[in-house]
Amino acid sequence: MDTSSDPDAVEDLDVIVIGAGISGIGAARYLKEEQPRRSFAVLEARGATGGTWDLFRYAGIRSDSDLHTFGYEFKPWLDEHAIADGSAILRYVREASAENGVDDRIRLHHRVLTAAWTSGTARWTVEVERADTGERPALTCNWLFCAGGYYRYDEGCTPHFEGRERFAGPVVHPQHWPEDLDTAGKRVLVIGSGATAVTLVPALADTAAHVTMLQRTPSCIMPVPSEDGFANLALRLLGEERGYRLTRRKNIAQQLAVWRFCRRFPLAARRLLRALAAKQLPEGYPVDEHFNPPYSPWDQRLCVVPDGDLFRVISAGTASVVTDRITTFTERGVLLQSGRELEVDVIVTATGLNVQALGGVGLTVDGAPVRPADTVTYKGMMLSGVPNLAYAVGYTNASWTLKVGLLCEHLCRLLAVMDAGGHDICLPEVGNPAMPTRPFLDFAAGYVRRVVDELPRQGDRPPWSTSTDYHADVEVLRRLPVEDPGLRFSTAAVSR
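Let me begin by describing the structure that accompanies this report. For clarity, every value in this text was computed on a predicted model and none was experimentally measured.

This part covers the pattern of salt bridges. Enumeration over the complete set of coordinates arrives at 27 salt bridges. Ionic pairing is found between arginine 38 and aspartate 419, a salt bridge with its closest N-O pair at 2.9 Å. Of this pair, arginine 38 sits in the loop between helix 1 (22–34) and strand 2 (40–43) while aspartate 419 sits in helix 11 (residues 400–421), and the two are 381 residues apart along the sequence. On the accessibility criterion, aspartate 419 (41% relative accessible area) is partly exposed. Its salt-bridge partner being arginine 57, residue aspartate 54 comes within 3.1 Å of it at the nearest N-O pair. What emerges from the salt-bridge pattern is a single network uniting Arg46, Asp54, Arg57 and Arg94.

Okay, here's the thing in structure tokens:
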């Protein structure tokens, strides 16, 4: 819709993608290639592209998945390191955006506040806040694609710590890492034992006087090589395209095999992870106290440590692990329930992120507010009762973008089916209201349990259950017909 002659006209687009991170840029590329006649824009709240990989600046930030599967299917990952640092991933994402002509579709400083669906016109009215000008323009579109993941990126999770104000040194959350934070030669305490903590500890230990990782309970930690020898050989012998495709297949199969083994043989998996830790730690180290969690692998995410770097710094004496609980902060550090006081100079609260549905955008459908917890997910990409809205949430047991790529492909196929049928409305509807449901994110991580009652549900059967199996998703999202009894197609009463 041309608004150049009417400054008061509302700009109308076919699709609005919310978020210019790895998912949003991928979605834009698929739309541009598969649906070239459709108009679309990518709205990014921040002043830069890259999402997670531009926002997070804490020491050592890296992926915890190999980039041959975390990367895009359409752009080979050519770096020799399969587990890559944040700057390399950011460079890769921005290259993908530029190479595929996506940059000119991205609008920075555009935070989406609300989106209101009107069935009569088959349009979303999207309220945007311009961070650079303060304006609040409205846009309309036929489809919304929420590509901001499920974390709240403006606020990390920091629990209440008694006496926090007493501590004389800096207390920082990794999500808000100060550029001028100096930890060289200092005693650093990292509270937490998840993926962020196990990344921070070896990175800080290279220059700090000592780093202590304080955990309430151990996590499942798996050492992996930072370089994939198979991938690097395949790229040399077969070339970029074929070598990358072969490596992706190998790594997808490998991820699925590890996950299935852990779920089918949890006791054996726990023993194996314990043995791997013991092998890389000093003789006599209390492995069971610090590296033998009370839960099975993939009840929570496995934490990856490339080249065993966490075990290396522990063995070198530059880092240590304490398993205990905090009673209170003190002027010099923290007092533990055991009575021990840890005296430190800097405290890092690697205590996780906050989860929110659909990037926190307030949705209404024909004037009625959408409460995500009252909806059921359809094929892991749409919500029951909410027309023309898709979202990108990747795998929790494998590389995030493996799932997101399939979802983008399926959305493009869905748009083609709507065109062929002359439809402009697509609504997922649950046929059996008595269908049993369970949480959409159905695993035991603390950041999920805190908000599980605010998130969508999933059903106990396809297409309402959310698959965690890539090969099954390839069949459903890429090969099987788009039409399904759970989808109702229609045409708006008022044409635009």
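From this point, the narrative continues.
What follows concerns the pairing of strand 6 (residues 138–146). With respect to burial, strand 6 is a largely interior element, 8 of its 9 residues being buried. Relative to strand 6, strand 1 (residues 11–18) runs parallel, the two sharing 7 bridges. The residue bridging isoleucine 16 from the neighbouring strand is leucine 144, located in strand 6. Bridge analysis of strand 5 (residues 123–130) against strand 6 gives 4 bridges, and the strand direction is antiparallel. Opposite tryptophan 124, over in strand 6, you have cysteine 141 as the bridge partner. Examined bridge by bridge, strand 6 and strand 23 (residues 389–391) share 3 bridges and lie parallel to one another. Note on strand 23: the bridge partner recorded for cysteine 146 is tyrosine 391.

Another aspect to go through is the sheet that holds strand 8 (residues 171–172). Read across the open sheet, the 5 strands follow the order 8-17-9-10-13; overall the sheet is parallel. The two strands at the open ends of the sheet, each matched to only one other strand, are strand 8 and strand 13 (319–323). Pairing analysis gives 2 bridges linking strand 8 to strand 17 (residues 346–349), with the strands arranged parallel. In the sheet register, valine 171 faces strand 17, and the bridge partner there is isoleucine 347. With respect to the sheet, helix 5 (residues 195–205) is in contact with strand 9 (187–191), strand 10 (210–215), strand 13 and strand 17, its orientation differing from that of strand 10 by roughly 165 degrees.

Ala231, Asn232, Ala234 and Leu235 are the residues of helix 6 (residues 229–238) that are buried. Taken around the axis of helix 6, the buried residues stretch over an arc of 160 degrees, which confines them to a single face. Exposed residues pointing more than 90 degrees away from the buried face of helix 6 are listed as Gly229, Arg236 and Leu237. At its buried positions, helix 6 is contacted by helix 3 (67–70) and helix 7 (240–264). Structurally, the start of helix 6 carries an N-cap: the backbone nitrogen of phenylalanine 230 is 3.1 Å from a side-chain oxygen of aspartate 228. Downstream of helix 6 by one or two residues, glycine 239 has phi in the positive range, about 90 degrees.

Attention shifts here to the sheet that holds strand 14 (residues 326–329). Within the open sheet, the 3 strands sit side by side as 14-15-16. Their pairing is antiparallel. Strands at the two margins of the open sheet, each flanked by one partner only, are strand 14 and strand 16 (341–343). Taken over all neighbouring pairs, the strand axes of this sheet differ in orientation by 25 degrees on average, direction set aside. As paired strands, strand 14 and strand 15 (residues 333–336) are joined by 3 bridges and run antiparallel to one another.

Another point: the environment of arginine 57. Secondary-structure assignment places arginine 57 in the loop between helix 2 (52–55) and helix 3. The sequence separation of arginine 57 and proline 174 amounts to 117 residues, and the corresponding C-alpha distance is 7.7 Å. A distance of 2.5 Å separates the side chain of arginine 57 from the backbone oxygen of aspartate 54, its partner in a polar contact.

Conventions we followed
Residues numbered from 1 in each chain as written. Predicted model: local features only at pLDDT ≥ 70, side-chain atom pairs only at ≥ 80, totals over all residues. Heavy atoms only, no water. Salt bridge = Lys/Arg side-chain N within 4 Å of Asp/Glu carboxyl O. Helix = DSSP H or I, 4+ residues; strand = E, 2+ residues; numbered from the N terminus. Buried < 20%, exposed > 50% of the residue type's maximum accessible area, 1.4 Å probe, protein only. Pairing = 2+ DSSP bridges. Contact = heavy atoms within 4.5 Å. Axes fitted to C-alpha atoms, helices over the stretch in contact; angles between N-to-C directions. Arc of directions from axis to C-beta. Polar contact = N/O pair within 3.5 Å; in protein donor to acceptor, adjacent residues only side chain to side chain.

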